[in-house]
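Structural overview
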Amino acid sequence: MRKIDPKLMMRAVWQLRVRRRPFVLSHTVNTACNLRCSFCPHWRKRRREMSFGEITGMLDDAARFGIGAYNAWATEPLLRDDIPEILRHARSLGMITSLVTNGILLRERMEDLESLNYLTVSVDGIESLREIRGIGIEEIMDGIVEARRRGIEVLMNCVISAKNLEELTSLVRLAKKIDAWISFEPLHEFDEAEFEDLRIGDLERYRSAIGELIDLKSRGAPIINSITYLKMIQKREPGFRCHAADLILHVSSDGYVYICRVHEVPVGHVSQGISNVWRDSREMRKRISDGCSGCLFFGYIENSLLYDMVPEVILHYEWM
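This structure is a prediction, so every number in the text was calculated from the model and none was measured.

1. Some remarks on the packing of helix α2 (residues 52–65) against helix α3 (residues 83–92)
Following both chains from N to C, one finds α2 and α3 inclined at 20°, their axes separated by 10 Å at the closest point. When the axis of α2 is compared with that of α3, the two are roughly parallel. Judged by the twist between their axes, the crossing of α2 over α3 is right-handed. Note on element contacts: α3 touches α2 through Glu 85, Ile 86, His 89 and Ala 90, opposite Phe 52, Ile 55, Thr 56, Leu 59 and Asp 60.

2. Description of the pairing of strand β1 (residues 24–28)
Buried residues dominate β1, accounting for four of its five residues. Direction of pairing for β1 relative to strand β2 (residues 69–73): parallel, over a ladder of five bridges. Within β2, the residue paired with Ser 26 across the bridge is Asn 71. One crossover worth recording links β1 to the parallel β2 by way of α2, and it is right-handed. Strand direction decides the pairing type here: β1 and strand β7 (residues 248–251), joined by four bridges, are parallel. Looking across to β7, one finds that His 27 is bridged to Val 251.

3. Description of the nonpolar core
Formed by 109 residues in total, the largest nonpolar core has its most connected members in Leu 25, Tyr 70, Leu 119, Ile 144, Met 156, Ile 160 and Phe 184. Phe 184 has contacts with Asn 157, Cys 158, Ile 160, Leu 168, Val 172, Leu 213, Ile 223, Asn 225, Tyr 229 and Phe 298, leaving out every residue within four places of it along the chain.

4. What to know about the packing of aromatic side chains
Taken as a whole, this structure holds four aromatic pairs when the rule is applied. When the ring of Phe 65 is compared with that of Trp 278, the centres are 6.2 Å apart and the planes differ by 70°; the resulting orientation is edge-to-face. Placement of Phe 65 in helix α2 and of Trp 278 in helix α10 (residues 274–280) is noted, with a sequence separation of 213 residues between them. With respect to class, Phe 65 is no different from Trp 278; both count as buried. Between Tyr 229 and Phe 298, the ring centres sit 6.5 Å apart and the planes meet at 70°, which makes this aromatic pair edge-to-face.

5. Brief notes about the UniProt feature "domain: Radical SAM core" (unreviewed entry) in the protein
Those places that UniProt annotates as "domain: Radical SAM core" (unreviewed entry) correspond, in this numbering, to residues 16–241. A helix fraction of 35% and a strand fraction of 15% characterise residues 16–241, whose end C-alpha atoms lie 16 Å from each other.

6. Comments concerning empty space enclosed by the protein
Enumeration according to the criterion identifies three cavities of 30 Å³ or more in this entry. Looking at the largest cavity, its volume works out to about 120 Å³. Lining the largest cavity are 13 residues; nearest its centre among them are Cys 242, Ala 244, Cys 260, His 263 and Cys 292. A per-class count over the lining of the largest cavity returns 10 nonpolar, three polar and no charged.

7. So, the packing of helix α6 (residues 168–177) against helix α7 (residues 203–218)
Their axes nearest at 9 Å, the elements α6 and α7 cross at an angle of 30°. The angle between α6 and α7 places the two elements in the roughly parallel class. Note on element contacts: α7 touches α6 through Ala 209, Glu 212, Leu 213 and Leu 216, opposite Leu 168, Thr 169 and Val 172. Partitioned by chemical class, the residues of the contact of α6 with α7 number five nonpolar, one polar and one charged.

8. Some remarks on the sheet that holds strand β6 (residues 181–186)
Sheet strands line up and pair through hydrogen bonds in the backbone, either parallel or antiparallel. Sheet architecture is open: nine strands sit in the order β6-β5-β4-β3-β2-β1-β7-β8-β9, paired in mixed fashion. Whereas interior strands pair on both sides, the edge strands pair on one side only; in this sheet they are β6 and β9 (266–269). Across the sheet, the mean angle separating the axes of adjacent strands is 25° when strand polarity is ignored.

9. Here's the deal with the layout of surface pockets
Empty space left among the atoms is revealed by rolling a probe the size of a water molecule over them. As a volume, the second largest pocket reaches approximately 660 Å³. Around the second largest pocket sit 27 residues that line it, and Arg 241, His 243, Asp 246, Arg 285 and Lys 286 are the ones nearest its centre. At six residues, the largest contribution of residues to the lining of the second largest pocket is made by helix α11 (residues 282–290). Its residues assigned to classes, the lining of the second largest pocket shows 10 nonpolar, five polar and 12 charged.

Rules behind the numbers
Residues numbered from 1 in each chain as written. Predicted model: local features only at pLDDT ≥ 70, side-chain atom pairs only at ≥ 80, totals over all residues. Heavy atoms only, no water. Axes fitted to C-alpha atoms, helices over the stretch in contact; angles between N-to-C directions. Helix = DSSP H or I, 4+ residues; strand = E, 2+ residues; numbered from the N terminus. Parallel < 35°, antiparallel > 145°, perpendicular 65-115°, else oblique. Left-handed = near helix turned anticlockwise from the far one by under 90°. Contact = heavy atoms within 4.5 Å. Buried < 20%, exposed > 50% of the residue type's maximum accessible area, 1.4 Å probe, protein only. Pairing = 2+ DSSP bridges. Right-handed = clockwise from strand over helix to strand, strands pointing away. Core = buried A, V, L, I, M, F, W, Y, C linked by side-chain atoms within 4.5 Å. Phe/Tyr/Trp six-rings, centres within 6.5 Å; stacked < 30°, edge-to-face > 60°. UniProt positions renumbered as here; feature names shortened; annotations may be inferred. 1 Å grid on protein atoms, 1.4 Å probe; cavity = no way out; pocket = protein on both sides within 12 Å on 5 of 7 lines; lining within 4 Å. Points joined across faces, edges and corners; volume = space filled by probe spheres on them. Nonpolar A, V, L, I, M, F, W, Y, C, P; charged D, E, K, R; others polar.

Right under this line is the structure:
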């Protein structure tokens, strides 16, 4: 499937290790959504959305800063009419582009994704998807399959909850069948959301389900998570030093730069200049990161472990 570009890897290493700057811009591109998932806090927070001109200006500044990857996510990027132009502009600056979607509009807007490298679709279950997100899997699979047919790398992301523990291995088989990747991460309990019917109570069954994923991963299944990460979520204990605040530049829909998905603490605004915000927020970012008890978001953990050169993660985390 994927081929890692050595030049891209060297560019990332130079940006992260030498310049001590983030390589990825993770942009909350809008605040509208066509779903009302109970465990998601993002559709509950309506904020101003930057205009197309403001976003392209931010991307220009990000490119000068050394950003090499642009990720459009939250709340539902495909509800923005100008998302193809945003992606096209990022690509014109030499950035790798990715987008996270719930998949409902995927087939309808497929022609708008010509500038997209990586696509992540939230697929939390097969039979259970309707109960978890209010949509049937048949509503999104055509779009996922068509994206793969067009050569877009597809990642199915599953948030593990009490509703889908029995379907995790079935999801892996589905990913393999359609030539896609799949990732797993446990439910994160945001303060603004609701979790009562999703919270995992049977820890023995949960650990057994993760053990099955570890076994599948060791046998070559298309699971992007490393075995180190899977064992960590099996224990439900964050055992890593988080570098998320230094690896990823998080920008909200209204242009504020913040620490991470857990600590939405503004450290500046893109209108001040990304380089200035990054320089002036160094102490604040370090203080908040050092005081954090940790989370289990796979992107933060895997990339932090990669940054710390953990051998097993280097060997087994399938970089997206």
